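Each chain, letter by letter, is given below.
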Amino acid sequence: MADQKEFYELFNKIDGEVKTYEKEELNDFDKARMKKNVAAKIKKRRIPLFPKAACACILLLLIGIFGSSDKVQAAVESVTNQLYYYFGARQEVKDYVTVVNRSYQNQGFQVSLEEATANTRNLVMAFNITSEEPIPEKDGTVSIGESELYMNGKRMDSGFWSSQTVAWDAYHTQLVLSIEQVDKYVQENPITIDYRIRSLSYGDGKEILQPDGSYEMKLIEEKGKWDFHFTVDTSELEKNTRTIKVNKTIEAPDGMYVKIKDFTISPLEMSFQTEEKKNLDEEYGYNFAVNAVSDKGESIYFDFTATEGMAEYSTASFEQNSEDYDYITLQFLLEKYSTDPSEDEIQSVPIGDPIRIDLN
């Protein structure tokens, strides 16, 4: 393993190495992902499925179809099959989705739980939130705040929680809530789920500088009660899910490492978890990332969430399916960033040998 001096020399040569390693070039997705994870305290949310520009295009398309912006509200309200699009608009997705279609009104907000799907690893729910009063564009979208989740009578008190806004206008917000690492709460099938929402939040138009140099909007919180009780049968999805053993450890300088144990393939997504050890000092911090390329030379985008010592990678939000490829190659990267909020440059180098995952 390289010592600390050799490691810093490696990063001093980063410009030359980036030019010779094409896959290190950052696209908009990677830049957005890095900005979300530059702090030592990594937030438990995914990169949005559609950035604001894309959502604006969706609404403009609706205006073009329906002839006026007045009719966009009705169009957004009537959009269905959120999970179908969330999982890449593949026909087979509908076979694994439970239609819930329940709504509750409180504090001027109607919260509708439209659909849900689950396996022994995660639970995904699609919501439509309607406000009696318009939410100004500068205040952002409505999101779920305080909530409690019970699965088969057991309260979930840990795991990855992430929310993605799919579409919105002044009165409506459609979002997909993904809750991962639910396996220790699921011991039987079907799964009985109680999801209790106690608050909704939206911005007040003012952004606050965070310690990591990013900005977050100050939130207005609306207390209320929106409770949902339903069941999800996971047996068919589990039957068509398989796990590939990988058991690889990629070592990095100064005792850092990333371990990948299994690679999971289901009709809805490809996914894997990593155990990680990464360092943080007064000047610099480090993150791991992955570049994935198929046997056809196409980039495979893995959305990810992270917490202390662990990360979860998934293709759920992208129109990419394991059936499209024979194998994919994972190349892990070590990212180095400054703890000074005024410096936003991220340096990245490949570590270890590429890992080939045979999908068929």
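None of the values given here were measured: they were computed from a predicted structure.

Draft legend 1. Inspection of a negative patch on the surface at higher detail. Together, Glu-298, Glu-319, Glu-323 and Asp-324 give the surface a local cluster of negative charge. With respect to the helices, strands and loops of the structure, Asp-324 is situated in the loop between strand E17 (310–314) and strand E18 (327–338). A relative accessible area of 37% places Asp-324 in the partly exposed class.

Draft legend 2. Just the environment of Asn-119, in detail. In this structure, Asn-119 sits in the loop between strand E2 (109–118) and strand E3 (122–131). Of the residues examined, Asn-119 reaches a relative accessible area of 6% and is grouped as buried. As for Asn-119 and Val-232, which are separated by 113 residues in sequence, their C-alpha atoms are 8.8 Å apart. Apart from residues no more than four positions distant in its own chain, Asn-119 is found in contact with Val-182, Ile-191, Thr-234, Leu-237 and Glu-238.

Draft legend 3. Spatial organisation of the sheet that holds strand E12 (residues 257–265). Overall, antiparallel pairing links the five strands, which are arranged E11-E12-E13-E17-E16 in an open sheet. Each of the sheet's edge strands pairs with one partner strand only, and the pair in question is strand E11 (242–251) and strand E16 (303–307). The sheet shows a mean angle of 15 degrees between the axes of neighbouring strands, taken without regard to direction. Bridging between strand E13 (residues 270–277) and E17 involves five bridges; their strand directions are antiparallel. When the bridges of E17 are listed, Glu-275 appears paired with Met-310.

Draft legend 4. Inspection of the packing of aromatic side chains at higher detail. Counted under the stated rule, the structure contains ten aromatic pairs. Here Tyr-104 and Phe-228 contribute two aromatic rings whose centre-to-centre distance is 5.2 Å and whose plane-to-plane angle is 70 degrees, an arrangement assigned as edge-to-face. Linking Tyr-104 in strand E1 (residues 98–106) with Phe-228 in strand E10 (residues 215–232), this pair joins segments that are 124 residues apart in sequence. Tyr-104 sits in the partly exposed class, given a relative accessible area of 35%. Residue Phe-228 is classed as buried on the basis of its relative accessible area, which comes to 1%. Arranged with centres 6.5 Å apart and planes meeting at 80 degrees, the rings of Phe-272 and Phe-332 form a pair that is edge-to-face. Here the residue Phe-272 occupies a position in strand E13, and Phe-332 occupies one in strand E18, the gap between them amounting to 60 residues. Each member of the pair, Phe-272 as well as Phe-332, is classed as buried.

The rules behind the values
Residues numbered from 1 in each chain as written. Predicted model: local features only at pLDDT ≥ 70, side-chain atom pairs only at ≥ 80, totals over all residues. Heavy atoms only, no water. Patch = residues over 30% accessible without salt bridge, like charges linked within 9 Å, V, L, I, M, F, W, Y side chains within 5 Å. Areas by Shrake-Rupley, 256 points an atom, 1.4 Å probe, with all protein chains shown as cover. Salt bridge = Lys/Arg side-chain N within 4 Å of Asp/Glu carboxyl O. Lys, Arg positive; Asp, Glu negative; His and termini not counted. Charge placed at Lys NZ, Arg CZ, Asp CG, Glu CD. Helix = DSSP H or I, 4+ residues; strand = E, 2+ residues; numbered from the N terminus. Buried < 20%, exposed > 50% of the residue type's maximum accessible area, 1.4 Å probe, protein only. Contact = heavy atoms within 4.5 Å. Pairing = 2+ DSSP bridges. Axes fitted to C-alpha atoms, helices over the stretch in contact; angles between N-to-C directions. Phe/Tyr/Trp six-rings, centres within 6.5 Å; stacked < 30°, edge-to-face > 60°.

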